[in-house]
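# Architecture and fold: a report
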Amino acid sequence: MSPAARLRGLKPDWISDPKVWRTEVLGGLVVALALIPEAISFSIIAGVDPAIGLFASFTMAVTIAIVGGRRAMISAATGAVALVIAPLNREHGFGYLVAAVILAGVFQIALGALGVAKLMRFVPRSVMVGFVNSLAILIFMAQIPEMRGVPWPVYPLMAGGLALMVFFPKLTTVIPAPLVSIVILTVITVAAGIAVPTVGGKGELPSSLPVPGLPDVPFTLDTLTTIAPYAFAMALVGLMESLMTAKLVDEITDTHSDKTRESIGQGIANVVTGFFGGMGGCAMIGQTMINVKVSGARTRLSTFLAGAFLMVLCIVFGPVVSDIPMAALVAVMVMVSFATFDWHSIAPKTLKRMPAGEITVMVITVVCVIATHNLAIGVVVGSITAMVVFAKRVAHLAEVTATTGPDGSSVVYRVTGELFFASSNDLVGRFDYATDPKEVVIDLSAAHIWDASSVAALDGIAAKYAQRGKTVEITGLNDPSADLHGKLTGELAAGH
């Protein structure tokens, strides 16, 4: 391959393909428009000025576009992060909030370097489906306040926006339907002088770029102990939502992302955001779905431009953006919620075929997320439930069959299955200690010992036979099982 050809191979798609370039630019613009009211709302939740949330969305998106591990994913100020740090801001002030954001970024960098992203392999599909469905429900629920106590024209405007997003793609997909919907509804409301809630009513837009600086807090041990719990909670919530969103985008785009890089990138983005006076954030599921699923964006350019356009729209086109009717943006988010929900997962045919345990895990995940409005809590509870269901299912797979020798002087117990804390508890009761002959053989060639509980159970069985003057021989151990058994047998009795 020639040097020129190799150079062309290193170029991003959007440089050489005008169609990709157009998709990424328009996708970034749609996301920027949707980010403005969201960022302002999250600022209110955190108890800070609306500009703080907008600054955070700008710095998070621009930074993660460069250092993140998942292309086309949008990171900005989020409600989950706002809920975590709101008490800190309320009790100690804005300076402590900024300091906590920076420390949370440091925690995320450390956790990313330690390989926390590898824990994603333990999140089962039923939890992932519950995660997707619950976030779709949360996105829809977040729009309900915008539909209550509003002038009647809001409802036909929303219906018109939804109709445009459904039918416009049938004419052309060159321009994203959400952008068309926002522009047309804005023109209608401004031209006709229709009085409806607008973006400007959410809060004042910033008129200048953020300026870097240090948090206004005393640099003491007391400050560190005050902000550390909030920072660590923010780090965990941010990483959980970001990694789950990255996994979702992987499935939608059928591509792989670097979860470790994404974890570290989230930390870097929060450190940068903190030094610019932002409220911090993480991956945004709703905006990511707009970018990836609705607009069809696939590169880092759309993420970068979402942040860049956000500041341009606020600073340069603030008066125009302020006139955008909230009905247009609500319609976009309602469309996103319906597109995000996994309708196949609740189809009667699917529910009939799905094991009851899988359905239970999915439902518990959804209920926990909706009850707490925290996706991270739902994922953790759902994953723990899935592990319990799995352990209960596997525990019943350990079978014991007895075969008495021809002369009746010995008996062979053949154990089949996985031996761990759940299955080994029942193992002790599967032997006939009183009537068995003097020689007892336990054949584990079709079993595997996973933990100390299983070794203790085998020791207990041998002890019960020994009390009756009978001997036990354990055979057929595979290498890992033999190694574990050799290390622990005789060492787990009470008093050791």
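Here's what I pulled together on the structure shown here. (Residues numbered from 1 in each chain as written. Predicted model: local features only at pLDDT ≥ 70, side-chain atom pairs only at ≥ 80, totals over all residues. Heavy atoms only, no water.)

What follows concerns the packing of aromatic side chains. Throughout the structure, instances matching the rule amount to nine aromatic pairs. With a centroid separation of 4.5 Å and an interplanar angle of 45 degrees, the aromatic rings of phenylalanine 341 and tryptophan 343 are classed as tilted. Residue classification places phenylalanine 341 among the buried residues on the basis of a relative accessible area of 15%. When the centroid spacing of 6.3 Å and the interplanar angle of 35 degrees are considered together, the rings of phenylalanine 431 and tyrosine 433 count as tilted. Taken individually, phenylalanine 431 and tyrosine 433 each receive the classification buried, so the pair is uniform in this respect. (Phe/Tyr/Trp six-rings, centres within 6.5 Å; stacked < 30°, edge-to-face > 60°. Buried < 20%, exposed > 50% of the residue type's maximum accessible area, 1.4 Å probe, protein only.)

Reading across the sheet, the four strands line up as 3-4-5-6 and stay open at both edges, with mixed pairing between neighbours. Of all strands in the sheet, those bounded by a partner on one side alone are strand 3 (399-404) and strand 6 (471-475). Strand-to-strand twist in this sheet, taken as the mean axis angle between neighbours without regard to direction, amounts to 20 degrees. In terms of strand pairing, strand 5 (residues 439-449) meets strand 6 through five bridges, oriented parallel. Residue aspartate 443 lies in a different strand from strand 6, and its bridge partner there is threonine 475. (Pairing = 2+ DSSP bridges. Helix = DSSP H or I, 4+ residues; strand = E, 2+ residues; numbered from the N terminus. Axes fitted to C-alpha atoms, helices over the stretch in contact; angles between N-to-C directions.)

Before going further, it helps to examine the nonpolar core. Counting 105 residues, the largest nonpolar core has Ile36, Leu54, Phe131, Met279, Ile290 and Leu310 as the members making the most contacts within it. The element that contributes the greatest number of residues to this core is helix 3 (residues 18-46), accounting for twelve residues. Dropping the residues within four chain positions of it, phenylalanine 131 is found in contact with Met244, Thr245, Ile285, Thr365, Leu375 and Val379. Counting 18 residues, the second largest nonpolar core, distinct from the first, contains Ala398, Leu419, Ile442 and Tyr465. (Core = buried A, V, L, I, M, F, W, Y, C linked by side-chain atoms within 4.5 Å. Contact = heavy atoms within 4.5 Å.)

This part is about a nonpolar patch on the surface. A grouping of Phe140, Phe338, Trp343, Ile346 and Leu351 is seen on the molecular surface, where their side chains present a nonpolar patch of about 450 Å² in accessible area. Its place among the elements puts tryptophan 343 in the loop between helix 15 (326-340) and helix 16 (348-353). Of the residues examined, tryptophan 343 reaches a relative accessible area of 45% and is grouped as partly exposed. (Patch = residues over 30% accessible without salt bridge, like charges linked within 9 Å, V, L, I, M, F, W, Y side chains within 5 Å. Areas by Shrake-Rupley, 256 points an atom, 1.4 Å probe, with all protein chains shown as cover. Salt bridge = Lys/Arg side-chain N within 4 Å of Asp/Glu carboxyl O.)

With that out of the way, let us pick up helix 3. The terminal C-alpha atoms of helix 3, which comprises 29 residues, lie 41 Å apart, in line with the 42 Å expected from a rise of 1.5 Å per residue. In helix 3, a bend of some 30 degrees at leucine 35 exceeds every other bend along the element, and proline 37, a proline, comes one to four places later. Of the residues one or two after helix 3, glycine 47 is the one with positive phi, at around 80 degrees. (Expected span 1.5 Å × (residues − 1). Bend = angle between axes of the 7 residues up to and from the residue.)

Examined against the element boundaries, glutamate 262 turns out to sit in helix 11 (residues 259-275). For the buried glutamate 262, no salt bridge exists, and the shortest N-O distance to an oppositely charged side chain is 6.3 Å, to arginine 300. Among the polar contacts listed, one links the side chain of glutamate 262 to the backbone nitrogen of glycine 69, at a separation of 2.8 Å. Only 3.1 Å separates the side chain of glutamate 262 from the backbone nitrogen of arginine 70, close enough to count as a polar contact. (Lys, Arg positive; Asp, Glu negative; His and termini not counted. Polar contact = N/O pair within 3.5 Å; in protein donor to acceptor, adjacent residues only side chain to side chain.)

Our focus in this paragraph is unusual backbone geometry. With phi around 75 degrees, alanine 72 is a residue other than glycine that occupies positive phi space. Tracing the sequence through the fold places alanine 72 in the loop between helix 4 (50-67) and strand 1 (75-76). The backbone phi angle of aspartate 254 is positive, close to 55 degrees, even though this residue is not glycine. Relative to the elements of secondary structure, aspartate 254 occurs in the loop between helix 10 (221-253) and helix 11.

Right, let's talk about the state of the cysteines for a bit. Within the structure shown, the criterion is met by zero disulfides. In this model cysteine 282 remains outside any disulfide bridge; the closest cysteine sulfur is found in cysteine 368, 19 Å from its own. (Disulfide = S-S within 2.5 Å.)

Once the charged atoms of two side chains with opposite charge are near each other, the side chains can pair. Counting across every chain of the model gives six salt bridges. In this structure, aspartate 443 engages arginine 414 in a salt bridge whose closest nitrogen and oxygen atoms are separated by 3.2 Å. Remark: arginine 414 occurs in strand 4 (residues 410-419) and aspartate 443 occurs in strand 5; sequence separation between them is 29 residues. Aspartate 443 gets classed as buried once you look at its relative accessible area, which sits at 15%. A relative accessible area of 37% places arginine 414 in the partly exposed class.

Running from N to C, helix 20 (residues 452-467) and helix 21 (residues 479-488) cross one another at 65 degrees; their axes reach a closest spacing of 10 Å. Classed by the angle they form, the pair helix 20 and helix 21 counts as roughly perpendicular. Where helix 20 crosses over helix 21, the handedness of that crossing is right-handed. Taken together, the residues of helix 21 that come into contact with helix 20 (itself represented by Ala452, Val455, Leu458 and Asp459) are Leu484, His485 and Leu488. Taken together, the residues of the contact of helix 20 with helix 21 sort by class into five nonpolar, one polar and one charged. (Parallel < 35°, antiparallel > 145°, perpendicular 65-115°, else oblique. Left-handed = near helix turned anticlockwise from the far one by under 90°. Nonpolar A, V, L, I, M, F, W, Y, C, P; charged D, E, K, R; others polar.)

Distances and angles like these do not, on their own, reveal function.
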